[in-house]
Amino acid sequence: MNEGTKEELISQGAEGRVYRTQFQSKDAIVKERFSKKYRHPELDAKITRSRLNSEGRNIEKCRQLGLDSPAVFLVDKHNSRLYMEYIEGCTVKEHLRLVDTNSAEALDLALRIGKAIATLHDGNIIHGDLTTSNIMLRERDVQKIVMIDFGLSYISTSLEDRAVDLYVMERAFLSTHPNSEELFSSLLTGYVQQSKNGKGVSDRLNQVRARGRKKSMLG
Ligand SMILES: Nc1ncnc2c1ncn2[C@@H]1O[C@H](COP(=O)(O)OP(=O)(O)OP(=O)(O)O)[C@@H](O)[C@H]1O
Ligand SMILES: [Mg+2]
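Treat the numbers as computed from the prediction; the structure is a model and nothing was measured.

**Q** Which parts of the structure should I look at to understand the site of ligand 1?
**A** As a structural note, the neighbourhood of ligand 1 is formed by 19 residues, with K31, E85, I87, N134 and D149 the closest of them. In the environment of ligand 1, an oxygen atom lies 3.0 Å from a nitrogen or oxygen atom belonging to the backbone of S133. D149 is positioned with one of its side-chain polar atoms (N or O) 2.8 Å from an oxygen atom of ligand 1. Bound to the protein, ligand 1 loses 84% of the 620 Å² it would expose on its own. When contributions to the shell around ligand 1 are tallied by element, the ones reaching two or more residues are β1 (8–12), β3 (26–33) and β5 (81–85).

**Q** How should the sheet that holds β1 be read in this particular structure?
**A** In any sheet, the strands associate via hydrogen bonds between backbone groups, in a parallel or an antiparallel arrangement. One open sheet holds the five strands; their spatial order is β1-β2-β3-β5-β4, and the pairing between them is antiparallel. The open sheet has two free edges, formed respectively by β1 and β4 (72–76), since each of these has just one partner strand. Across this sheet, the average inter-strand angle for adjacent strands is 20°, counted without regard to direction. Relative to β3, strand β2 (residues 16–23) runs antiparallel, the two sharing eight bridges. Across the sheet, the residue bridging to T21 is A28, located in β3.

**Q** I keep staring at the environment of I10 and nothing clicks. Help me out?
**A** With respect to the secondary-structure elements, I10 resides in strand β1. Sequence separation between I10 and H40 is 30 residues; the distance between their C-alpha atoms is 28 Å. Every residue in contact with I10, bar those within four places of it in the chain, is listed here: V18, Y19, R20 and I29.

**Q** Hey, could you run me through the domain arrangement of the protein chain in this one?
**A** The accessible area lost on association of the parts is a frequent measure of interface size. Looking at the protein chain, the domain boundaries give domain 1 (8–85) and domain 2 (89–218). Here domain 1 packs against domain 2, burying approximately 1,300 Å² in sum over the two surfaces, 59% of which is carbon and sulfur. Along the contact surface separating domain 1 from domain 2 lie three salt bridges. D149 is the salt-bridge partner of K31, the closest N and O atoms lying 2.8 Å from each other. Connecting domain 1 to domain 2 are six residue pairs in polar contact (both at pLDDT 80 or more). Breaking the side of domain 1 that touches domain 2 down by element, the ones donating at least two residues are β3 and α1 (41–64). No other element matches α1, which puts seven residues into the side of domain 1 that touches domain 2. Each residue belonging to the side of domain 1 that touches domain 2 can be placed in one class, and the counts come to five nonpolar, three polar and seven charged.

**Q** Is there a simple way to think about the coordination of the magnesium ion (ligand 2) in this case?
**A** By definition of the ideal shapes, a tetrahedral metal site with four donors has angles of 109.5 degrees and an octahedral site with six donors has angles of 90 or 180 degrees. Only N134 (OD1) and D149 (OD) from the protein reach the magnesium ion (ligand 2) as donors, at distances of 2.2 Å. On the criterion of sequence distance, the pair formed by N134 in the loop between β7 (125–126) and β8 (135–138) and D149 in the loop between β9 (145–147) and β10 (154–155) is long-range, its members being 15 residues apart. Under the relative-accessibility criterion, N134 is labelled buried at 8%.

**Q** How should I be thinking about the state of the cysteines in this particular structure?
**A** Put plainly, two cysteines are in a disulfide when a covalent bond ties their sulfur atoms together. Applying the stated criterion across every chain, the model contains zero disulfides. Unpaired in terms of disulfides, C62 finds its nearest cysteine sulfur in C90, a separation of 18 Å. C62 gets classed as buried once you look at its relative accessible area, which sits at 0%.

**Q** What is the right way to read the environment of D122 from this model?
**A** Position of D122 relative to the elements: it lies in helix α3 (residues 104–122). Residues D122 and E32 lie 90 residues apart in sequence; the distance between their C-alpha atoms is 29 Å. For D122, the contacting residues outside a window of four places in its chain are Q194, S195 and K196.

**Q** When you look at the sheet that holds β8 in this model, what are you seeing that I'm missing?
**A** The strand order across the open sheet formed by three strands is β6-β8-β9, and the pairing between neighbours is antiparallel. Every other strand in the sheet has two partners, leaving β6 (89–91) and β9 as the edge strands with one partner each. Averaged over all pairs of adjacent strands, the angle between strand axes in this sheet comes to 30°, irrespective of strand direction. When β8 meets β9, the two strands line up antiparallel, connected through three bridges. Pairing of L137 across the sheet is with I145, part of β9. Here α3 sits on the sheet and contacts β8 and β9; the angle it forms with β9, its principal contact strand, is near 40°.

So, how was this worked out
Residues numbered from 1 in each chain as written. Chains lettered and ligands numbered in written order. Predicted model: local features only at pLDDT ≥ 70, side-chain atom pairs only at ≥ 80, totals over all residues. Heavy atoms only, no water. Near = heavy atom within 4 Å. Polar contact = N/O pair within 3.5 Å; in protein donor to acceptor, adjacent residues only side chain to side chain. Areas by Shrake-Rupley, 256 points an atom, 1.4 Å probe, with all protein chains shown as cover. Helix = DSSP H or I, 4+ residues; strand = E, 2+ residues; numbered from the N terminus. Pairing = 2+ DSSP bridges. Axes fitted to C-alpha atoms, helices over the stretch in contact; angles between N-to-C directions. Contact = heavy atoms within 4.5 Å. Domains from an automatic or database assignment. Buried area = accessible area lost by both parts, 1.4 Å probe. Salt bridge = Lys/Arg side-chain N within 4 Å of Asp/Glu carboxyl O. Nonpolar A, V, L, I, M, F, W, Y, C, P; charged D, E, K, R; others polar. Donors = N, O, S within 2.8 Å, 3.2 Å for Na, K, Ca; no water. Buried < 20%, exposed > 50% of the residue type's maximum accessible area, 1.4 Å probe, protein only. Disulfide = S-S within 2.5 Å.

Shown next, in the form of structure tokens:
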């Protein structure tokens, strides 16, 4: 399909690689999953296929909810490859490294990320891997939040799944960005403002946090 097109590796993850390329003359990203040798080949093929499918599907769903995410160009099941729009900009992680994380602008960005996550959850999508590397800013514009990396996403209506999704985001914030407590608290404020069941999810988040503390005490 894309024979002869140059591909430049931009990220090597545990389960796949991300390349920058061209797709029908458009700037594109191709995400390729590779097999895990320790997994049974049939099971492995099944997992790879289902991740690829859910990623393509949930990016589309995200867009239907009015959130920005890359346009999907092609789900190439045969080669386990997902072609999508290349987003010109930076990750939120890169952005937060360059600014004062306690500035009004950074807190406002966190607030709007919280609202975007609430919209995703209200649409019954659980992202599954919320980190500041998996949220981008188009043209590096703080107003243009783009959700990416739906490889671990799934559909659910449960409070627990939503709370855990937020807990993952909280852990990611605290481990990636020093002194970011205020940032996450602003994110949660945005989430509660936007969510159809903000109180339910934030109460549940407190339970998830308590379990997390207990677990870390036990080692
Ligand atoms: N559509 C895109 N446009 C521009 N850059 C992208 C795009 N998709 C991914 N990237 C860049 O590549 C990085 C890795 O992509 P992604 O998060 O989708 O893969 P991953 O973390 O390796 O995947 P997984 O978590 O499913 O194993 C992102 O953090 C981002 O910097
Ligand atoms: Mg990622």
